[in-house]
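# Topology and contacts: notes
Read off the chains here:
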Amino acid sequence: MNEFFTNVSSNLLLGFPGFRLYALCAVLLAIKMFAVGFYTARTRLRLKVAMNPEDAARFGAELSTTEHPEVERVLRAHRNDLENIPSFLIVGLIAVLLGVPVLGLQICLIAFTAARMVYSVAYIKGMQPWRSLTFGVGALSMFTLSVMIIIRILA
Amino acid sequence: MNEFFTNVSSNLLLGFPGFRLYALCAVLLAIKMFAVGFYTARTRLRLKVAMNPEDAARFGAELSTTEHPEVERVLRAHRNDLENIPSFLIVGLIAVLLGVPVLGLQICLIAFTAARMVYSVAYIKGMQPWRSLTFGVGALSMFTLSVMIIIRILA
Amino acid sequence: MNEFFTNVSSNLLLGFPGFRLYALCAVLLAIKMFAVGFYTARTRLRLKVAMNPEDAARFGAELSTTEHPEVERVLRAHRNDLENIPSFLIVGLIAVLLGVPVLGLQICLIAFTAARMVYSVAYIKGMQPWRSLTFGVGALSMFTLSVMIIIRILA
């Protein structure tokens, strides 16, 4: 029995409509979030500020008790990712596994992924209304998937 | 072969005991987290404070380098969500997919979801011992699911 | 049909290579993240500092508007977990469900889990280069899984 499952399992999920696209979007979003974290470190290094004594000593940076405003901005952009991306990815996976209508699923996945990429740039560069607009597109994608899930589990 | 999987896939997961309830709880928790974020924005707007110059200009708010105490409180409530909800949802999905005992799974899902909803209100309104109590119920649900998962993978 | 799925479902995922290990790592990481949060509360209690008036009153602690540097350090360690662990667990689940090469998957899961455990201790104790090293191992594991996923969905 386990033999059977091992054999089918490697193809099972690829057969779910939208799973390939979901996997691609999840990987892109995870890398994007990582990039924002990397940018925080790079900004601290450029400004020669550090929050930990061991980092100040290592990079010849100034030890600070409060974050530099430029670092704060990147941290806020990153935090907004943390508030939105993991929960979207969980909701998205549920939508894939439940088999919600494929076209709607694909639109939500692509819209969310593209919007959150632009969002990061817009937040860090202080570009409005782009930041609010892309945030809104991301939120709308999440709500649309949620509604499709509710309809599917009640059907 | 792929044809077969596409046909079964849309019903496969609905057949997992507890998956419907899990999906519902995940959607409710994602929307609840979003609502806390929305409440942060609303609180900033009400207090006429902004952290970004572009927001200060847009909403006629005062630019601040530190968050207002009332906003800080909502941010802490939200951060506690970030610390608890995504990891619970991942652990919960694993529990569903592994087929842990259904009754235990259902109790944990409902208890966690209800507790975290009350938690947000209790934190924002400063209502103790409700904040600690609901935090504890959430943590207990997460640990119970973890133990059920460990038993299942070792069995 | 649903009967069939209910019967197979409880064994289906255990047949996916690496799913047992993934489940174990996810549970360990969720508990570890929780432990860091617990350590934050314990540090506040030891230093007799509180951010909320209701906590200050309850624990006889001093109400503060800014976090104590020692608490800040634990919060930064925890935040780094939030930035890395949920997205890794989602990427890891996708890798399991897609059936990426098992050996690579197992190495990434074990390396990430071990590295992030050491990371927390290294951050809280200010131990360098261990903090940077374990962060790097975690990031490398996440990128390796991402590449394996991309290869799998394009194949």
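Each residue is numbered by its place in its chain's sequence as written, counting from 1. For this description, chains carry letters from A and ligands carry numbers from 1, given in the order in which they are written. The predicted origin of the model limits local features to residues at a pLDDT of at least 70 and limits the giving and counting of side-chain atom pairs to 80 or more, whereas totals for whole chains, interfaces and linings rest on all residues. Side-chain calculation: all heavy atoms of the structure are included, whereas hydrogens and water are not.

An unreviewed UniProt entry annotates chain A as Microsomal glutathione S-transferase 1 of Archangium lansingense. UniProt positions are given in the numbering used here, feature names are shortened, and annotations may be inferred rather than shown by experiment. The record in UniProt for chain A states the following under Subunit (unreviewed entry): "Homotrimer; The trimer binds only one molecule of glutathione."

Pairs of residues are marked as contacts when any of their non-hydrogen atoms sit within 4.5 Å. Listed by partner, the interface residues are 35 residues for chain B and 36 residues for chain A. Between chain B and chain A, roughly 3100 Å² of surface is buried when both sides are summed, and carbon and sulfur atoms account for 70% of that area. Within this document, salt bridges are pairs made up of a side-chain nitrogen of Lys or Arg and a carboxyl oxygen of Asp or Glu, the two lying within 4 Å of each other. The interface formed by chain B and chain A holds three salt bridges in total. Side-chain atoms alone can form a polar contact between residues adjacent in sequence; in general such a contact is a pair of N or O atoms within 3.5 Å, and within protein one must be able to donate a hydrogen while the other accepts it. Connecting chain B to chain A are 10 residue pairs in polar contact (both at pLDDT 80 or more). Only DSSP runs of H or I reaching four residues or more are called helices, and only runs of E reaching two or more are called strands; each is numbered from the N terminus. Taken together, the elements giving at least two residues each to the side of chain B that touches chain A come down to α1 (2–12), α2 (19–47), α3 (53–59) and α4 (69–98) of chain B. If you tally residues by element for the side of chain B that touches chain A, the top one is α2 of chain B, at 11 residues. Here the quantity called buried area is the accessible surface, traced with a 1.4 Å probe, that two parts lose on coming together, added over both.

Turning to the nonpolar core, a few remarks are in order. For soluble globular proteins, the rule of thumb is that nonpolar side chains tend to be buried together. In this description, a nonpolar core means a group of buried Ala, Val, Leu, Ile, Met, Phe, Trp, Tyr and Cys residues linked to one another through side-chain atoms lying within 4.5 Å. Exposure categories follow from relative accessible area, calculated using a 1.4 Å probe and restricted to protein chains: below 20% of the type maximum is buried, above 50% is exposed, and the middle band is partly exposed. One finds Phe-19 and Tyr-22 of chain A, Phe-19 and Tyr-22 of chain B together with Phe-19 and Tyr-22 of chain C to be the most contacted residues of the largest nonpolar core, which totals 108 residues. Not counting chain neighbours up to four residues away, the residues in contact with Phe-19 of chain B comprise Ile-94, Leu-97 and Leu-98 of chain A together with Leu-13, Leu-93 and Val-96 of chain B.

What follows concerns helix α2 (residues 19–47) of chain C. Each residue after the first adds 1.5 Å to the expected span of a helix. Under the 1.5 Å per step criterion, the end-to-end length of α2 of chain C is 42 Å for 29 residues, consistent within 8% with the ideal 42 Å. Lys-48 of chain C sits one or two positions beyond α2 of chain C and adopts a positive phi of about 55°.

So, about helix α6 (residues 130–154) of chain B. Over its 25 residues, α6 of chain B runs 36 Å from end to end, which matches the ideal 36 Å to within 8%, given 1.5 Å per residue. Looking only at α6 of chain B, the buried set comprises Arg-131, Thr-134, Gly-138, Ala-139, Ser-141, Met-142, Leu-145, Ser-146, Met-148, Ile-149, Arg-152 and Ile-153 of chain B.

Residues and elements named next belong to chain B. Contact pair α2 / α4: the axes reach a minimum separation of 10 Å and the direction vectors enclose 165°. Put simply, α2 runs roughly antiparallel to α4. In this structure, the crossing between α2 and α4 has a hand that is left-handed. Structural elements are reduced to axes, namely lines fitted to C-alpha atoms, with helices fitted over the stretch in contact, and the angle between N-to-C directions of any two is expressed from 0 to 180 degrees. Angle categories: roughly parallel below 35 degrees, roughly antiparallel above 145, roughly perpendicular from 65 to 115, and oblique for all the rest. Crossings are assigned a handedness: left-handed for a near helix turned anticlockwise from the far helix by less than a right angle, right-handed for a clockwise turn.

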